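Residue strings, one per chain:
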Amino acid sequence: MERDLPQAIKKWTAGHVCTFDHTGLSGSEVWLFEDWVLKIEPAGMELANEAQAIAWLQGRLPVPEIRAFVIEDGWTYDLMTRLPGKMLCDTPYMEDEEKQLAVLTEVFDSLWAIDITDCPCQQTLDIKLKQARENVLQGRVDLSLVEPETFGPDGFKDPMDLLCYLETHRPTEDLVFCHGDLCLPNILGHDQKLSGLIDLGRMGVADRWQDLALCYRSLRDNARGCFGDQVYANQAASKLFRRLGVVPDQEKLRYYLLLDELF
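Rules used throughout
- Residues numbered from 1 in each chain as written.
- Predicted model: local features only at pLDDT ≥ 70, side-chain atom pairs only at ≥ 80, totals over all residues.
- Heavy atoms only, no water.
- 1 Å grid on protein atoms, 1.4 Å probe; cavity = no way out; pocket = protein on both sides within 12 Å on 5 of 7 lines; lining within 4 Å.
- Points joined across faces, edges and corners; volume = space filled by probe spheres on them.
- Helix = DSSP H or I, 4+ residues; strand = E, 2+ residues; numbered from the N terminus.
- Nonpolar A, V, L, I, M, F, W, Y, C, P; charged D, E, K, R; others polar.
- Core = buried A, V, L, I, M, F, W, Y, C linked by side-chain atoms within 4.5 Å.
- Buried < 20%, exposed > 50% of the residue type's maximum accessible area, 1.4 Å probe, protein only.
- Expected span 1.5 Å × (residues − 1).
- Axes fitted to C-alpha atoms, helices over the stretch in contact; angles between N-to-C directions.
- Contact = heavy atoms within 4.5 Å.
- Phe/Tyr/Trp six-rings, centres within 6.5 Å; stacked < 30°, edge-to-face > 60°.
- Lys NZ or Arg CZ within 6 Å of the ring centre and 35° of its normal.
- Pairing = 2+ DSSP bridges.
- Disulfide = S-S within 2.5 Å.
- Polar contact = N/O pair within 3.5 Å; in protein donor to acceptor, adjacent residues only side chain to side chain.

Caption draft 1: Structural context of empty space enclosed by the protein. Taken as a whole and judged by the stated rule, the model has two cavities of 30 Å³ or more. By volume, the largest cavity is sized at about 60 Å³. Surrounding the largest cavity, Gln 123, Thr 124, Leu 125, Lys 128, Glu 173, Gly 180, Arg 202, Ala 206, Asp 207, Gln 210 and Tyr 256 form its lining. Mapped onto the lining of the largest cavity, the elements with two or more residues apiece are helix H5 (125–137) and strand E10 (204–207). Taken together, the residues that form the lining of the largest cavity break down as three nonpolar, four polar and four charged.

Caption draft 2: Representation of the nonpolar core within the structure. Counting 69 residues, the largest nonpolar core has Leu 61, Leu 111, Phe 177, Ile 187, Leu 197 and Met 203 as its most contacted members. Counting 12 residues, the second-largest nonpolar core is a separate cluster that includes Cys 18, Trp 31, Ala 68 and Leu 79.

Caption draft 3: Spotlight on helix H7 (residues 208–223). Here H7 spans 23 Å end to end across 16 residues, near enough to the 22 Å set by a 1.5 Å rise per residue. Among the 16 residues in H7, 15 count as buried, and that is most of the element. Phi turns positive, to about 80°, at Gly 225, one or two residues after H7.

Caption draft 4: Just the packing of H7 against helix H8 (residues 236–244), in detail. Following both chains from N to C, one finds H7 and H8 inclined at 150°, their axes separated by 8 Å at the closest point. Where H7 approaches H8, its residues Trp 209, Leu 212, Cys 215, Tyr 216, Leu 219 and Arg 220 are matched on the opposing element by Ala 236, Ala 237, Leu 240, Phe 241 and Leu 244.

Caption draft 5: Quick look at the packing of aromatic side chains. Counted by the stated rule, this structure contains nine aromatic pairs. An aromatic cluster is built from Trp 12, Phe 33 and Trp 36, whose rings are joined through pairwise contacts. Sitting over the ring of Trp 56, Arg 60 keeps its end group 4.0 Å from the ring centre. The residue whose ring lies beneath Lys 128 is Phe 263, and the NZ or CZ to ring-centre distance is 4.1 Å.

Caption draft 6: The sheet that holds strand E2 (residues 29–32), seen in detail. A sheet is described by the order of its strands in space; here five strands give the open sequence E1-E2-E3-E5-E4, paired in antiparallel fashion. Bordering the open sheet on either side are strand E1 (19–20) and strand E4 (66–72), each of which pairs with just one other strand. By the bridge criterion, seven bridges tie strand E3 (residues 36–42) to strand E5 (residues 75–81) in an arrangement that is antiparallel. Of the residues in E5, the one forming a bridge with Ile 40 is Tyr 77. Contacting E3, E4 and E5, helix H2 (residues 45–57) runs over the sheet at an angle of about 30° to E5.

Caption draft 7: Spotlight on the state of the cysteines. All told, the structure shown has zero disulfides when counted by the stated rule. Counting only cysteine sulfurs, Cys 121 is the nearest neighbor of Cys 119, a cysteine outside any disulfide, at a range of 4.9 Å. The buried category is assigned to Cys 119, whose relative accessible area is 7%.

Caption draft 8: Spatial organisation of the side chain of Asp 207. By the element assignment, Asp 207 lies in strand E10. The exposure class of Asp 207 is buried, given its relative accessible area of 1%. Each residue touching Asp 207, except ones within four places of it in the same chain, is listed here: Thr 172, Glu 173, Asp 174, Leu 175, Cys 178, Lys 252 and Tyr 256.

Caption draft 9: Fine view of the environment of Glu 65. With respect to the helices and strands, Glu 65 occurs in the loop between H2 and E4. For Glu 65, a relative accessible area of 36% puts it in the partly exposed group. On a C-alpha basis, the gap between Glu 65 and Trp 36 in space is 9.4 Å, while along the polypeptide they are 29 residues apart. Within polar-contact distance, the side chain of Glu 65 engages the side chain of Arg 67 at 3.3 Å.

In structure tokens:
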């Protein structure tokens, strides 16, 4: 470990072996210990929101528990308990779409069943578009991670052009409790049951199509082998909406996938 950790973190991790997790695209440093996960990133809103969401969700969803949360010298350190289970992008789930869909159905049902009346975490479009504008103005949009068709001759001129489109074409929101980044690596399962949700920095009240769009894309891209050499015959992406009893809204799917390009 080359980074010098704050004392409040060290008292938990000193003497324990860790590995580093490079799964996903969050940009955080993720240190994996036997019993804990340590996330480190520049001080900002996401890890603070994650800590708040985790505290509020205890007893409502299978989420980690916070062991230590520190902001020091411009960095945020969030030490959480490590949850059991396999990611839904792991081979056992990619090779068994029925098992994968069973977990995903439980995920959406559980999220949508949460009463949002007193939820302290808000991720509505008012907030998301404000954050997106800040990302664009501060040059934080990583163009190496966007879809090839988003910018260019048949797409948007640049991130500001996309932002202006999103601000002027915002849809009516169907507000529920959302994960915010509901991709397969952020969902843990045990057989056909949900065992945990992780990477909760964007969690809060939002349009249900935020989660539907990102989950659909993650299912599709993982099956196509976009994150490795393995291509799967998994057809869960095409079956997701039917399993949830939801009619696909193509305009909202496109809107929230475009919005994600600015994060």
